[in-house]
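# Coordinates in review
Below, each chain spelled out in residue letters.
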Amino acid sequence: AMRHFSTIPGPHRTAQGFTLIELMVTLAILAVLMAVAAPSFSDIRKNSELGGVANNFLAALNTARAEGMKRNMNTMVTPVNGDNDWSKGWLVFVDVDRDQVYSSGDLLITQADAPLPYIAITAASGGTAGETVSYLLFDGSGFAKTKSGGFGANTVAIARNDVASTQYSQIRRVKVAKTGRVRVCTPKTGTDTACSASGEDS
């Protein structure tokens, strides 16, 4: 015998999909999860921006050193305006005419634009990067030098100025040794200028 199926819904059929209450509960749970995750995404973004500037500055110094050794000439990294404000950007050049400033006779290797306005770059006093006319100089052997011919170790701090100054995870120190070796480190305390607390040498 043939069976006939009715297409008319019977009382035993239930509606499929979400009810309004289920949808509201789901959205409430998503809102709580996003509120918990948002601060960590913010920290990741801040670290990424800071690390990007520090790595760009590190790359500029390594490029200057490598070019100096390749050409057996002095190379320099200076603030773009020729003053002591690293936060406006910087130049990397071969000091072809040996006048110790960027001029028409020199070979420009690269130029960096100013970082984001909430990232400050300051050099420690006592080094050539913190002088009124700031600079970092590498000779043809790759050593960090001063304009007068001595060795020139330096520390440059790159930090976010939109966070508390005690938030040390938002500070990077670029260390230039007398040998010309360059590295980036994160201090653990306010007095940890050499990042020795991070297990790295000074």
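Now for a look at the structure at hand. Predicted model, so just to flag it, every value in this text is computed and none were measured.

### A closer look at the side chain of Asn 74
Tracing the sequence through the fold places Asn 74 in the loop between helix 1 (20-71) and strand 1 (75-79). With near-sequence residues (within four places) excluded, Asn 74 lies in contact with Val 94, Asp 95, Arg 98, Leu 137, Phe 138, Asp 139 and Gly 140.

### Description of the packing of aromatic side chains
On inspection of all chains with the given rule, the structure shows four aromatic pairs. Taking the centre distance of 5.1 Å and the plane angle of 55° together, the rings of Phe 93 and Tyr 102 count as tilted. Tyr 102 sits in the partly exposed class, given a relative accessible area of 38%. Ring geometry for Phe 143 and Phe 151: centres 5.7 Å apart, planes at 80°, overall edge-to-face. By relative accessible area, which is 33% here, Phe 143 ends up partly exposed. Members of the aromatic cluster, each reached through a chain of ring pairs, are Phe 57, Trp 86 and Trp 90. Its guanidinium or amino end placed over the ring of Phe 151, Lys 145 lies 5.2 Å from that ring's centre, counting from NZ or CZ.

### A few points about unusual backbone geometry
Excluding glycine, most residues fall at negative phi; most peptide bonds, likewise, are trans. A positive phi angle is found at Asn 72, which is not glycine, with a value near 55°. Relative to the assigned elements, Asn 72 resides in the loop between helix 1 and strand 1. A relative accessible area of 59% places Asn 72 in the exposed class. With phi around 55°, Arg 98 is a residue other than glycine that occupies positive phi space. Topologically, Arg 98 is positioned in the loop between strand 2 (90-94) and strand 3 (107-112). Arg 98 sits in the exposed class, given a relative accessible area of 56%.

### A closer look at the sheet that holds strand 6 (residues 144-145)
As a general point, the strands of a sheet are linked pairwise by backbone hydrogen bonds and lie either parallel or antiparallel. With antiparallel pairing, five strands are arranged side by side in an open sheet as 3-2-1-5-6. Strand pairing shows two members of the sheet lacking a second neighbour, strand 3 and strand 6, which therefore form its edges. Sheet topology note: the strand 5 (residues 136-138)/strand 6 ladder contains two bridges and is antiparallel. From the neighbouring strand, Leu 137 faces strand 6, where its bridge partner is Lys 145.

Conventions we followed
Residues numbered from 1 in each chain as written. Predicted model: local features only at pLDDT ≥ 70, side-chain atom pairs only at ≥ 80, totals over all residues. Heavy atoms only, no water. Helix = DSSP H or I, 4+ residues; strand = E, 2+ residues; numbered from the N terminus. Contact = heavy atoms within 4.5 Å. Phe/Tyr/Trp six-rings, centres within 6.5 Å; stacked < 30°, edge-to-face > 60°. Buried < 20%, exposed > 50% of the residue type's maximum accessible area, 1.4 Å probe, protein only. Lys NZ or Arg CZ within 6 Å of the ring centre and 35° of its normal. Pairing = 2+ DSSP bridges.

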